[in-house]
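Chain by chain, the residues:
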Amino acid sequence: MKKTLLLITFLFAAFTLKAQDSLMIRKFFDEALVNGQCYENLRYLCKNIGSRLSGSEGAQKSVDWSKKLMEGYGFDKVYLQEVMVPHWVRGAKEQAYIIDGKTRIPVAIAALGMSVATPKGGITANVIEVKSLKELETLGESVIKGKIVFFNRAFDPRFIETGQAYGAAGDQRFAGPAAAAKYGAVGVIVRSLTQALDNYPHTGATGYDPKGNNIPAAAISTIAANKLSTMLKLRKLPLIKFYFKQNCQHLPDAKSYNVVGEITGTQNPNKFITVGGHLDSWDLAEGAHDDGTGVMQSAEVLRIFKATGYRPKNSVRAVFFMNEENGHKGGIKYAELAAANKEEHIAAIETDEGGFTPRGFSFAGVTPAFLKQVNQNWKKLFEPYEADRLVAGGGGTDIGPLKETVPSIILIGFRPDSQRYFDIHHTPNDVFENVNKRELELGAGSIAALIYLIDQHGL
């Protein structure tokens, strides 16, 4: 009889706790959807400041404005973390042509981030089309030397999660130029990393071998890539050449900052839950989805807590990381300071996949048993908001370094619907008008809910 009573008491307590959690999460979503401010904050960031490439005037303006924004919300602490960042400048707009005999066909390109410039007069050379780094290796120097390598591996449309397609195609941009240089190529053009068929070239960082030969590299739009590929197949190789000119510069590293806002924990002030995105963006557009939405959602989570009167037990930080796009220096600095200050970090959530409809969260490096428990405890609480996919997966670039300094931390990625993200990712089309207010607010509510659950129940 005594055991039965204990069981009934336990079940009733568990039911009551779930009901309390459910009511609190509803309050967070109501606040986000009725009084949400992240959309108007994003409008200001995009329209009044615009692009924010590390080291630029726009990046510094965004730091100054973000600090004032969080101070205006009355967070317990708001401060800057100084960090030195790369300062790469695109320069004058790129030019490119497919040359077919005496005919010049203009095509849309964009220099890859961190690329070197072409000579002042540009580069004209024959083109070798390859689909992989392995194919490049197979062809070797005898075929590649003196030519422009055209990496033309398309997104695989069979991936339902488009981030997987991006990952599968991405090595040609990340590593292709350095690999082509080893075989004597004079330049590289890379098919834009997108499923969309349009004339927007998608920039993004590339990496060079510090001891190798650096050659200019650019992304080419998918429409232009298809045209060039077709022309190469229809005609003998020497008849088709490619010309491109770009004017990039590498300037000395610049001083910049992470922007940090904090609500101090009532019970465990030196235990932290971090939520963040990156404040920097590529220079082609406003950096709306990548990653204006992420930083505005992060600040919104703390605003929601204050507006609803929720005082977390552990300290909760919103971090606007600097330099995710072309160096990751902000994330590295945040982890270094966490270790130096002997902070205990419970979890870190990164929102850097756009401000689309929330679908759930991915947990990096966790066991199946962990995931099973998380789903048993919390999936039902997220189901009413259709954000209940709690799965294994990546955390994020900026929070990744924390794992090296705080091995016990759980890294989590916010996972919105992915179908449209890579249509605009790293393009001139990444503008405020392509963000949906309600989708953005639902994401902020979802992140607030997860942080609340971690704060109340741990991981």
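Residues numbered from 1 in each chain as written. Predicted model: local features only at pLDDT ≥ 70, side-chain atom pairs only at ≥ 80, totals over all residues. Heavy atoms only, no water.

Asks: Hey, could you run me through the overall build of the chain in this one?
Replies: When its secondary structure is counted, the chain shows 15 helices and 16 strands. By the compact-globule yardstick of 23 Å for 459 residues, the chain fits well, its C-alpha radius of gyration being 24 Å. Dimensions along the principal axes, computed over C-alpha positions, put the chain at roughly 90 × 45 × 40 Å. Across the 459 residues of the chain, 57% fall into the buried class. When the accessible area of the chain is evaluated, it comes to approximately 19,300 Å², of which 55% is carbon and sulfur surface. For the chain, the distance from the average site of its 53 positive side-chain charges to the average site of its 48 negative ones is 3 Å. (Helix = DSSP H or I, 4+ residues; strand = E, 2+ residues; numbered from the N terminus. Rg over C-alpha atoms; globule rule 2.2 N^0.38 Å. Buried < 20%, exposed > 50% of the residue type's maximum accessible area, 1.4 Å probe, protein only. Areas by Shrake-Rupley, 256 points an atom, 1.4 Å probe, with all protein chains shown as cover. Lys, Arg positive; Asp, Glu negative; His and termini not counted. Charge placed at Lys NZ, Arg CZ, Asp CG, Glu CD.)

Asks: Mind showing me how you'd approach the side chain of Asn258 here?
Replies: With respect to the helices, strands and loops of the structure, Asn258 is situated in strand β10 (residues 249-263). Within polar-contact distance, the side chain of Asn258 engages the backbone nitrogen of Met322 at 2.9 Å. A distance of 2.9 Å separates a polar atom in the side chain of Asn258 from the backbone oxygen of Gly330. With near-sequence residues (within four places) excluded, Asn258 lies in contact with Tyr79, Leu80, Gln81, Val83, Phe320, Phe321, Met322, Gly330, Lys333 and Tyr334. (Polar contact = N/O pair within 3.5 Å; in protein donor to acceptor, adjacent residues only side chain to side chain. Contact = heavy atoms within 4.5 Å.)

Asks: Whenever I open this one, the sheet that holds strand β14 (residues 358-363) confuses me. Can you help?
Replies: What links the strands of a sheet is backbone hydrogen bonding, and the strands pair in either a parallel or an antiparallel sense. Strand order in the open sheet formed by 8 strands is β1-β10-β12-β11-β13-β16-β14-β15, with mixed pairing between adjacent strands. Every other strand in the sheet has two partners, leaving β1 (77-89) and β15 (389-392) as the edge strands with one partner each. Pairwise comparison of adjacent strand axes, ignoring direction, gives a mean angle of 25 degrees for this sheet. Taken together, the 5 bridges between β14 and strand β16 (residues 410-416) define a ladder with antiparallel strand orientation. From the neighbouring strand, Phe361 faces β16, where its bridge partner is Phe414. (Pairing = 2+ DSSP bridges. Axes fitted to C-alpha atoms, helices over the stretch in contact; angles between N-to-C directions.)

Asks: Would you explain the packing of aromatic side chains in this entry?
Replies: The relative placement of two aromatic rings is captured by the distance of their centres and the angle of their planes. Applying the stated criterion to the full structure yields 21 aromatic pairs. An aromatic cluster of three or more residues is present, and its members are Phe155, Tyr166, Phe174, Phe356, Tyr421 and Phe422. The side chain of Arg104 reaches across the aromatic face of Tyr97, ending 5.0 Å from its centre. Positioned over the ring face of Phe272 is Arg317, at 3.9 Å from the centre of the ring. (Phe/Tyr/Trp six-rings, centres within 6.5 Å; stacked < 30°, edge-to-face > 60°. Lys NZ or Arg CZ within 6 Å of the ring centre and 35° of its normal.)

Asks: Looking at this model, I keep getting lost on the nonpolar core. Mind explaining?
Replies: The tendency in soluble globular proteins is for nonpolar side chains to be buried side by side. Counting residues in hydrophobic clusters, the biggest one holds 73 residues, and the most contacted among them are Met296, Phe305, Phe361, Phe363, Trp378, Ile412 and Ile451. The biggest single contributor to this core is helix α15 (residues 437-457), with 11 residues. Setting aside chain neighbours within four positions, we find Phe363 in contact with Phe370, Leu371, Val374, Leu390, Val391, Ala392, Gly393, Ile410, Leu411 and Ile412. By size, the runner-up hydrophobic cluster in this structure holds 21 residues, among which are Ala125, Ile189, Ala218 and Ala224. (Core = buried A, V, L, I, M, F, W, Y, C linked by side-chain atoms within 4.5 Å.)

Asks: Teacher, can you tell me more about the sheet that holds strand β7 (residues 187-191) here?
Replies: Here we have 8 strands laid out as an open sheet, ordered β3-β2-β9-β5-β6-β7-β8-β4, and mixed in their pairing. With one partner strand each, in any of the chains shown, β3 (103-106) and β4 (109-111) form the two edges of the open sheet. Averaged over all pairs of adjacent strands, the angle between their axes in this sheet comes to 30 degrees, without regard to strand direction. Bridge count for strand β5 (residues 123-130) against strand β6 (residues 148-151) is 4 bridges, and the pairing is parallel. Within the sheet, the bridge partner assigned to Val130 lies in β6 and is Phe151.

Asks: Quick question: what am I supposed to make of the packing of helix α2 (residues 38-49) against helix α3 (residues 57-72) here?
Replies: How two helices pack is summed up by the angle between their axes together with the distance between the axes. The interhelical angle for the contact between α2 and α3, taken along N-to-C directions, is 150 degrees, at an axis separation of 11 Å. Here α3 runs roughly antiparallel to α2, going by the angle between their axes. For the pair α2 and α3, the sense of crossing is right-handed. Counting all contacts with α2, which are made through Asn41, Tyr44, Leu45 and Ile49, the residues of α3 involved are Gly58, Lys61, Ser62, Trp65 and Leu69. The class makeup of the residues in the contact of α2 with α3 is 5 nonpolar, 3 polar and 1 charged. (Parallel < 35°, antiparallel > 145°, perpendicular 65-115°, else oblique. Left-handed = near helix turned anticlockwise from the far one by under 90°. Nonpolar A, V, L, I, M, F, W, Y, C, P; charged D, E, K, R; others polar.)

Asks: Is there a simple way to explain the state of the cysteines in this structure?
Replies: Put plainly, a disulfide is one covalent bond tying together the sulfur atoms of two cysteines. Under the defined criterion, the tally for this structure stands at 0 disulfides. Free of any disulfide, Cys46 has its nearest neighbouring cysteine sulfur in Cys38, separated by 12 Å. (Disulfide = S-S within 2.5 Å.)

Asks: Would you mind showing me how to read the pattern of salt bridges here?
Replies: Two side chains bearing opposite charge may form a pair once their charged atoms approach each other closely. By the definition in use, this model includes 26 salt bridges. Measuring nitrogen to oxygen at the nearest pair gives 2.8 Å for the salt bridge that ties Arg26 to Asp30. Of this pair, Arg26 and Asp30 both sit in helix α1 (residues 2-35), 4 residues apart, which is roughly one turn of the helix. For Asp30, a relative accessible area of 35% corresponds to the partly exposed category. For Arg420, the salt bridge identified is with Glu439, shortest N-O distance 3.1 Å. Taken together, the residues Arg420 in the loop between β16 and α14 (421-424) and Glu439 in helix α15 connect sequence positions 19 residues apart. Sharing partners across several salt bridges, the network here consists of Lys77, Glu262, Arg317 and Glu343. (Salt bridge = Lys/Arg side-chain N within 4 Å of Asp/Glu carboxyl O.)

Asks: Is there a simple way to explain α3 in this structure?
Replies: Side chains of residues three or four places apart in an α-helix project in the same direction, reflecting 3.6 residues per turn. In this model α3 runs 23 Å from its N-terminal to its C-terminal C-alpha over 16 residues, within 8% of the 22 Å that 1.5 Å per residue would give. In the core, the buried residues of α3 are packed alongside α2, β1, β10, α10 (288-308) and β12 (314-321). Where α3 terminates, the next one or two residues include Gly74, which has phi positive at roughly 75 degrees. (Expected span 1.5 Å × (residues − 1).)

Asks: Help me understand the environment of Pro312 in this model?
Replies: Mapped onto the secondary structure, Pro312 falls in the loop between α10 and β12. Pro312 gets classed as buried once you look at its relative accessible area, which sits at 0%. Separated by 43 residues in sequence, Pro312 and Pro269 have C-alpha atoms that sit 9.6 Å apart. If sequence neighbours within four positions are ignored, Pro312 has contacts with Ile263, Thr264, Gly265, Thr266 and Asp455.

Asks: I'm lost on the packing of α2 against α15 in this one. Help?
Replies: One can describe the packing of α2 onto α15 by two numbers: an axis separation of 9 Å at closest approach and a directional angle of 115 degrees. For the pair α2 and α15, contact is made by Cys38, Tyr39 and Leu42 and by Lys437, Leu440, Glu441 and Ala444, respectively. Taken together, the residues of the contact of α2 with α15 sort by class into 5 nonpolar, no polar and 2 charged.

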